[in-house]
Amino acid sequence: KAGVTQTPRYLIKTRGQQVTLSCSPISGHRSVSWYQQTPGQGLQFLFEYFSETQRNKGNFPGRFSGRQFSNSRSEMNVSTLELGDSALYLCASSLDSGSTEAFFGQGTRLTVV
Amino acid sequence: QKEVEQDPGPLSVPEGAIVSLNCTYSNSAFQYFMWYRQYSRKGPELLMYTYSSGNKEDGRFTAQVDKSSKYISLFIRDSQPSDSATYLCAMRLWASGGSYIPTFGRGTSLIVHP
């Protein structure tokens, strides 16, 4: 059974650009959550998508957005990149929204220069 | 003050030692308490979760929750070098969107040396 797949694994962008990250959940999982992990703030919740609808959103500016497609794959977009957006972006999938058992991908390492 | 406090370590122990990892939290509305293990360059993996106060055991791992003190612990018996990783505590809050929002500790780096 394939795990959670995130692409790309590494990304370097320039300040002011925008970026789109992709997450393919485990087959059959309908919930996808996104997280930002930095040494200073740790792992922080960005948002959760379930059945193509955003369920909850963490305390991040509107530059961070996402969407989910009918096949449960999800994308996360960050516009007008700032140096502070450099982080490991992780997605996690679970069978249903609110499920305790979530499975994480390996993450996308974003560096903003 | 962060809602979930966790000592970043590193915590260095000899192989075979009993390891105690701890988190404190401030929001009494938290439900479901979880422990994740994260190896370098990997995503976190769920080790254990529990809902109520008390102990829950799974092999060499025991999760303990004390809601009255707002304190959770993870004990690792007979620690192995392969246990060397960062351990993250997490807890969830029911949110208006009809699902839970998790809050994570910053993680404790554990090093088990042979």
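As a reminder, the structure under discussion sits directly above these lines.
First things first, this report covers the structure right here in the doc. Treat the numbers as computed from the prediction; the structure is a model and nothing was measured.

**Some points on the sheet that holds strand β8 (residues 71-76) of chain B**
Strand pairing within a sheet occurs via backbone hydrogen bonds; the two strands may be parallel or antiparallel.
All names here are of chain B.
Item 1. One open sheet holds the five strands; their spatial order is β1-β3-β8-β7-β6, and the pairing between them is antiparallel. At either end of the open sheet lies a strand with only one pairing partner, and these are β1 (4-5) and β6 (54-58).
Item 2. As paired strands, strand β3 (residues 19-25) and β8 are joined by six bridges and run antiparallel to one another. Directly across from C23, in β8, lies its bridge partner I72.

**Section: the pairing of strand β4 (residues 31-38) of chain A**
Residues and elements named next belong to chain A.
Item 1. For β4, the buried fraction is high: eight of the eight residues fall into the buried class.
Item 2. On β4, burial covers both faces: S31, S33, Y35 and Q37 on one face and V32, W34, Q36 and T38 on the other are all buried.
Item 3. As judged from the eight bridges shared by β4 and strand β5 (residues 42-50), these two strands associate in the antiparallel manner. For V32, the partnering residue across the bridge sits in β5 and is Y49.
Item 4. Remark: three residues form the turn of the hairpin made by β4 and β5, two consecutive strands paired antiparallel.
Item 5. Relative to strand β9 (residues 87-94), β4 runs antiparallel, the two sharing seven bridges. Residue pairing in the sheet places V32 in a bridge with S93 of β9.

**Some details on the state of the cysteines**
All names here are of chain A.
Item 1. The full count for this structure, using the stated rule, is two disulfides over all chains.
Item 2. Each sulfur in the disulfide pair C23 and C91 lies 1.9 Å from the other. In this structure the cystine formed by C23 and C91 twists about its S-S bond by roughly 65°; its chirality is therefore right-handed. Here the residue C23 occupies a position in strand β3 (residues 19-24), and C91 occupies one in strand β9, the gap between them amounting to 68 residues.

**Concerning the packing of aromatic side chains**
Item 1. What the rule picks out here adds up to twelve aromatic pairs over all chains.
Item 2. Centre to centre, the rings of Y32 of chain B and Y100 of chain B are 5.7 Å apart; their planes meet at 85°, and the pair counts as edge-to-face. Note that Y32 of chain B is positioned in strand β4 (residues 31-38) and Y100 of chain B in strand β10 (residues 99-104), a separation of 68 residues in sequence.
Item 3. Given the relative accessible area of 21%, Y32 of chain B is considered partly exposed.
Item 4. Of the aromatic side chains, those joined through ring pairs into one cluster are Y35, F45 and F104 of chain A together with Y36 and F104 of chain B.
Item 5. Seen from the ring of Y51 of chain B, K67 of chain B lies directly overhead, with NZ or CZ sitting 4.8 Å from the centre.

**Observations regarding the sheet that holds β3 of chain A**
Residue and element names in this part refer to chain A.
Item 1. Here we have four strands laid out as an open sheet, ordered β1-β3-β8-β7, and antiparallel in their pairing. The strands lining the two open edges of the sheet, one partner per strand, are β1 (5-7) and β7 (64-68). Across the sheet, the mean angle from the axis of one strand to that of its neighbour is 20°, orientation sign disregarded.
Item 2. Where β7 and strand β8 (residues 74-78) come together, five bridges link them in antiparallel fashion. Its bridge partner being in β8, F64 is matched across the sheet by V78.

**As for the interface of chain B and chain A**
Item 1. With 22 residues of chain B in contact, the opposing surface of chain A contributes 24 residues.
Item 2. For the pair chain B and chain A, the summed buried surface comes to about 1800 Å²; carbon and sulfur atoms form 49% of the total.
Item 3. For the pair chain B and chain A, the number of links is eight residue pairs in polar contact (both at pLDDT 80 or more).
Item 4. Of all elements in the fold, only β4, β5 (45-50), β9 (85-95) and β10 of chain B reach the threshold of two or more residues within the side of chain B that touches chain A.
Item 5. Take the side of chain B that touches chain A: its biggest share by element is five residues, from β10 of chain B.
Item 6. Residue classes in the side of chain B that touches chain A are distributed as eleven nonpolar, six polar and five charged.

What counts and what doesn't
All residue numbers refer to position in the chain's written sequence, counted from 1. For this description, chains carry letters from A and ligands carry numbers from 1, given in the order in which they are written. Predicted model: local features are reported for residues with pLDDT of at least 70 only, side-chain atom pairs are reported and counted for 80 or more only, and whole-chain, interface and lining totals are derived from all residues. Neither water nor hydrogens contribute to the side-chain values; these are computed over all heavy atoms in the structure. A pair of strands counts as paired when DSSP detects no fewer than two bridges linking them. Runs of E in the DSSP output that reach at least two residues are strands. Runs of H or I that reach at least four are helices, and both are numbered from the N terminus. Three exposure classes are used, based on accessible area relative to the maximum for each residue type with a 1.4 Å probe and protein chains only: buried under 20%, partly exposed in between, and exposed over 50%. Pairs of cysteine sulfur atoms within 2.5 Å are identified as disulfides in what follows. Think of it this way: a Phe, Tyr or Trp ring, Trp meaning its six-membered ring, pairs with another when their centres are within 6.5 Å, and the plane angle makes it stacked under 30 degrees, edge-to-face over 60, tilted otherwise. A ring has a charge above it when a Lys NZ or an Arg CZ is no more than 6 Å from the ring centre and no more than 35 degrees off the ring normal. Here the axes come from fitting lines to C-alpha atoms, over the contacting stretch only for helices, and the angles between their N-to-C directions go from 0 to 180 degrees. We call two residues contacting when some pair of their heavy atoms lies within 4.5 Å. A simple way to read buried area is as the amount of 1.4 Å-probe accessible surface that goes missing from two parts once joined, with both sides added. Contacts described as polar in this section are N or O atom pairs within 3.5 Å, which, within protein, must combine one atom able to donate a hydrogen with one able to accept it, while residues neighboring in sequence count only if both atoms come from side chains. Classification convention: Asp, Glu, Lys, Arg as charged; Ala, Val, Leu, Ile, Met, Phe, Trp, Tyr, Cys, Pro as nonpolar; all other residues, Gly among them, as polar.

Fair warning: the whole summary comes from geometry, so function is off the table for now.
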